[in-house]
Amino acid sequence: MPESVLITGASSGIGRALAVEFSQRGYGLGLCARRLELLVKLQDELSGNNSVEIAALDVGKYDDVREVLFNLAEKLGSTKIVIANAGIGERSLPGEGTFHLDRRIIEINLLGAMATIDAGAEIMKKQRGGQIVGISSVAGFRGLSNIPAYSASKSALSTYMEGIRYHLTQHNIAVTVINPGFIDTAINSNRKFRPFLISAEKSAQLMADMIEKKVLSSTVPLWPWALVSGAVRFIPERLWCKFNT
Ligand SMILES: NC(=O)c1ccc[n+]([C@@H]2O[C@H](COP(=O)([O-])OP(=O)(O)OC[C@H]3O[C@@H](n4cnc5c(N)ncnc54)[C@H](OP(=O)(O)O)[C@@H]3O)[C@@H](O)[C@H]2O)c1
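Visitor: Kindly report on the nonpolar core, identifying the contributing residues and their values.
Guide: In terms of nonpolar packing, the biggest core is built from 67 residues, with Leu18, Ala19, Leu31 and Ile83 touching the most fellow members. In this structure, Ile83 is in contact with Val5, Leu6, Ile7, Thr8, Leu18, Val133 and Ile135, ignoring residues within four places of it in sequence.

Put into structure tokens, the structure is as follows:
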């Protein structure tokens, strides 16, 4: 039986591209997202390869996350990797009457990812090993003026994942934090400035390589974002605000 990967937010963008990439690498797939019709199409597209199981899931409905992931894992047999990828990005500024957007961003990007990681860790503890992957962002390295809640959600996710690593390592579970730069997907398609943009397909190849190597944490692509990520801390506040509005 082939080893499998569970991916949240697999209906479009990075999650979909990761599904295609891991399918080509011979893995079974457990795919979930809210738009089931897109998952059905993807399942058909990948049907010649290894098993592909799909399920509708809103990661903001925390009580559903465990049940859906456990069902997928049970159907697939051997789950090697769980990828907490589902995420949203909205522009929202304080005092503009958009707190509901801030709350939703934290509910999905942070709490939804934590619910995914929690269920994934339970599945892997039962199997006595595996790997948890979180799709965070370079936006989490320093607060971005135009998307502060998104920035905060990703910063918190990376910090959480760093915090759980020691415990999970004791259970033979690796923890990998992926920090994409600009990847060409719907989440940022209305932005004019997308430096060092790469396609979702290219990003998925790079991410799958890193995941298979069990890297602890990396930007995607590695360069120039690794350099940028180190340098942003040293940019003076006044310049930083101008740079990222
Ligand atoms: N693209 C970039 O440049 C970039 C950079 C850094 C980090 N990221 C991160 O990469 C991840 C994927 O984003 P993307 O760029 O591929 O954007 P995308 O094309 O908009 O995909 C987002 C995915 O998340 C799913 N999703 C959203 N809300 C969900 C919910 N409540 N429950 C379950 N699934 C949900 C969507 O599926 P449904 O709508 O069908 O539910 C979709 O499959 C996100 O975490 C994002 O923050 C992206």
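That shown, we press on.
Visitor: How would you sum up the packing of helix α3 (residues 62-76) against helix α4 (residues 99-127)? Please name residues and give values.
Guide: Two elements in contact, α3 and α4, have axes separated by 9 Å at closest approach and are oriented at 40 degrees. In terms of orientation, α3 and α4 fall into the oblique class. Where α3 crosses over α4, the handedness of that crossing is right-handed. Along the contact surface, α3 presents Tyr62, Val65, Arg66, Leu69, Phe70 and Ala73, while α4 presents Leu111, Ala115, Thr116, Ala119, Gly120 and Ile123. Classifying every residue of the contact of α3 with α4 gives nine nonpolar, two polar and one charged.

Visitor: How would you sum up unusual backbone geometry? Please name residues and give values.
Guide: One can expect most non-glycine residues to show negative phi and most peptide bonds to be in trans. Residue Pro221 follows Val220 across a cis peptide bond; omega there is -10 degrees. Backbone torsion omega between Trp223 and Pro224 reads 5 degrees, so that peptide bond is classified as cis. Mapped onto the elements of the fold, Pro224 is located in the loop between β9 (217-220) and α7 (225-231). Of note in this structure, Phe196 is not a glycine but carries a positive phi near 55 degrees.

Visitor: I'd like a rundown of α4, residues and numbers included.
Guide: Look at α4: 41 Å from first C-alpha to last across 29 residues, which is about the 42 Å you get at 1.5 Å a residue. In the stretch just after α4, Arg128 is the one whose phi turns positive, near 65 degrees.

Visitor: Quick one: what's the story with the pairing of strand β5 (residues 130-135), residue by residue and with numbers?
Guide: Counting buried positions over the six residues of β5 gives six, a clear majority of the element. Neither face of β5 is left uncovered, since the one carrying Gly130, Ile132 and Gly134 and the one carrying Gln131, Val133 and Ile135 both have all their residues buried. The sheet contact formed by strand β4 (residues 78-84) and β5 spans four bridges and is parallel. Counted as the bridge partner of Ala84 is Gly134 from β5. A crossover links β4 with its parallel partner β5, the connecting element being α4, and its sense is right-handed. Pairing geometry for β5 and strand β6 (residues 173-180), over six bridges, is parallel. Among the inter-strand pairings, Gly134 is bridged to a residue of β6, identified as Val177. Running through helix α5 (residues 148-169), the crossover from β5 to the neighbouring parallel element β6 is right-handed.

Visitor: Which residues make up the site of the ligand, and what values do they have?
Guide: Around the ligand lies a shell of 31 residues, among which Gly9, Gly13, Arg34, Arg35 and Gly87 are the nearest. For the shell around the ligand, the secondary structure elements donating two or more residues are α1 (13-24) and α4. Among the residues making up the shell around the ligand, the classes are represented as 14 nonpolar, 14 polar and three charged.

Visitor: Can you tell me about the packing of α1 against helix α6 (residues 200-212), naming the residues and giving the values?
Guide: In the contact formed by α1 and α6, the axes pass within 8 Å of each other and the chain directions differ by 60 degrees. When the axes of α1 and α6 are compared, the pair comes out oblique. For α1 against α6, the interelement crossing comes out right-handed. Of the residues in α6, those touching α1 at Gly13, Ile14, Ala17, Leu18, Val20, Glu21 and Phe22 are Ala200, Glu201, Ser203, Ala204, Gln205, Met207 and Ala208. Considering only residue class, the contact of α1 with α6 consists of nine nonpolar, three polar and two charged.

Cut-offs used in this document
Residues numbered from 1 in each chain as written. Predicted model: local features only at pLDDT ≥ 70, side-chain atom pairs only at ≥ 80, totals over all residues. Core = buried A, V, L, I, M, F, W, Y, C linked by C-beta atoms within 7 Å. Buried ≥ 20, exposed ≤ 12 C-beta atoms within 10 Å, placed from the backbone. Contact = placed C-beta atoms within 7 Å. Axes fitted to C-alpha atoms, helices over the stretch in contact; angles between N-to-C directions. Helix = DSSP H or I, 4+ residues; strand = E, 2+ residues; numbered from the N terminus. Parallel < 35°, antiparallel > 145°, perpendicular 65-115°, else oblique. Left-handed = near helix turned anticlockwise from the far one by under 90°. Nonpolar A, V, L, I, M, F, W, Y, C, P; charged D, E, K, R; others polar. Expected span 1.5 Å × (residues − 1). Pairing = 2+ DSSP bridges. Right-handed = clockwise from strand over helix to strand, strands pointing away. Near = placed C-beta within 6 Å.

None of the figures reported here should be taken as evidence of function without further support.
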